[in-house]
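Chains, contacts and geometry: an overview
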Amino acid sequence: VSLMNQVVAIVYSTVAVNKIAELTYAPTEGVAQFMEKYHELSWIGTNVHFLLGLMGFACLALVKPYYLYGKNVGDVTACWIGAAMALCISIVNRGISQGHGQMADVSMKFANNLGGLVVSYVKLLLKECLTLNVLPFYRLGSSSRP
């Protein structure tokens, strides 16, 4: 699961970068507005999958010491990994809560925290599926709009 989250993040970002290089877009006030207007699903999807992949990797790192060295070493490792993940989530939440700029005196945010970002991603994904009337995996090989 962790590896697949990283693969999805790479695919989202690669396709978005290719589309930015290949297509012509109307000007926006800044990069944040550009991403929100033209590549919001790719932007949020890349971030969500990258962060979920890191958390999945942390879970794998948590299980291995229990399996190899037993409860005592596993408990110590769990404390270190738990503290590191709490710090990472705190850093991410701080960044998300700061938003991504202002447009016409209105602060713009994708979400307030990581949980909200995941919810925003799921909503955007469902909206995209309903708009195109397809399931996400069904889009493989089909052309997508910018």
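The paragraphs below set out a description of the structure included in this document. As the structure is a prediction and not an experimental result, all values here were calculated from the model.

**Side note on the overall build of the protein**
- For the protein, the helix and strand inventory stands at 5 helices and 2 strands.
- Starting at the N terminus, the α and β elements of the protein follow one another as α-α-α-α-β-β-α.
- Considering the protein as a whole, with its 146 residues, one finds that 27% of them fall into the buried category.
- Considering only intrachain contacts with a sequence separation of at least 6, the fraction spanning at least 24 residues in the protein is 52%.
- Surface accessibility of the protein: about 9,900 Å² in total, with carbon and sulfur atoms responsible for 68%.

**What to know about the packing of aromatic side chains**
- Inspection of the entire model under this criterion finds 4 aromatic pairs.
- The interplanar angle of 85° and the centroid separation of 6.2 Å between the aromatic rings of Tyr 12 and Tyr 121 together place this pair among those described as edge-to-face. In this pair, Tyr 12 sits in helix α1 (residues 2-22) while Tyr 121 sits in helix α5 (residues 114-132), placing the two residues 109 residues apart along the sequence.
- Residue Tyr 121 is classed as buried on the basis of its relative accessible area, which comes to 8%.
- Taken together, a centroid distance of 4.6 Å and an interplanar angle of 55° make the contact between Tyr 25 and Tyr 38 tilted. Residue Tyr 25 is located in the loop between α1 and α2 (31-38), and its partner Tyr 38 is located in helix α2; the two are separated by 13 residues in the primary sequence. Across the pair, Tyr 38 and Tyr 25 agree in class, each one buried.
- Taken together, the ring pairs connect Tyr 25, Phe 34 and Tyr 38 into an aromatic cluster.

**Quick notes on the nonpolar core**
- In terms of nonpolar packing, the biggest core is built from 13 residues, with Ile 44, Ile 96, Leu 117 and Tyr 121 touching the most fellow members.
- When residues of this core are traced back to their parent elements, those giving at least two are α3 (40-69), α4 (71-97) and α5.
- Each residue touching Ile 96, except ones within four places of it in the same chain, is listed here: Ala 111, Asn 112, Asn 113, Leu 114 and Leu 117.

**Regarding a nonpolar patch on the surface**
- Side chains of Leu 3, Met 4, Val 7, Val 11 and Val 15 sit close together on the surface and give an oily, nonpolar patch of about 450 Å² of accessible area.
- Within the secondary structure, Val 15 is located in helix α1.

**Focus on the pattern of salt bridges**
- For the structure shown, the criterion picks out 2 salt bridges.
- Across the salt bridge formed by Lys 19 and Glu 22, the nearest N and O atoms sit 2.6 Å from each other. In this pair, Lys 19 and Glu 22 are both assigned in helix α1, 3 residues apart and thus about one turn of the helix distant.
- With relative accessibility at 24%, the residue Lys 19 sits in the partly exposed group.
- The salt bridge partner of Asp 75 is Lys 71, with a shortest N-O separation of 2.6 Å. With Asp 75 and Lys 71 both in helix α4, this residue pair falls 4 residues apart, about one helical turn.
- Using a relative accessible area of 27% as the deciding quantity, one classes Asp 75 as partly exposed.
- Using a relative accessible area of 57% as the deciding quantity, one classes Lys 71 as exposed.

**A look at the packing of α3 against α4**
- Where α3 meets α4, the closest approach of the two axes is 7 Å, and the angle between their N-to-C directions is 170°. Of the possible angle classes, the one that applies to α3 and α4 is roughly antiparallel. Across from Leu 51, Met 55, Ala 58, Ala 61, Leu 62, Pro 65, Tyr 66 and Tyr 69 in α3, the residues of α4 making contact are Lys 71, Val 73, Gly 74, Asp 75, Thr 77, Ala 78, Ile 81, Met 85, Ile 89 and Val 92.
- Residue classes in the contact of α3 with α4 are distributed as 14 nonpolar, 2 polar and 2 charged.

Criteria and cut-off values
Residues numbered from 1 in each chain as written. Predicted model: local features only at pLDDT ≥ 70, side-chain atom pairs only at ≥ 80, totals over all residues. Heavy atoms only, no water. Helix = DSSP H or I, 4+ residues; strand = E, 2+ residues; numbered from the N terminus. Buried < 20%, exposed > 50% of the residue type's maximum accessible area, 1.4 Å probe, protein only. Contact = heavy atoms within 4.5 Å. Areas by Shrake-Rupley, 256 points an atom, 1.4 Å probe, with all protein chains shown as cover. Phe/Tyr/Trp six-rings, centres within 6.5 Å; stacked < 30°, edge-to-face > 60°. Core = buried A, V, L, I, M, F, W, Y, C linked by side-chain atoms within 4.5 Å. Patch = residues over 30% accessible without salt bridge, like charges linked within 9 Å, V, L, I, M, F, W, Y side chains within 5 Å. Salt bridge = Lys/Arg side-chain N within 4 Å of Asp/Glu carboxyl O. Axes fitted to C-alpha atoms, helices over the stretch in contact; angles between N-to-C directions. Parallel < 35°, antiparallel > 145°, perpendicular 65-115°, else oblique. Nonpolar A, V, L, I, M, F, W, Y, C, P; charged D, E, K, R; others polar.

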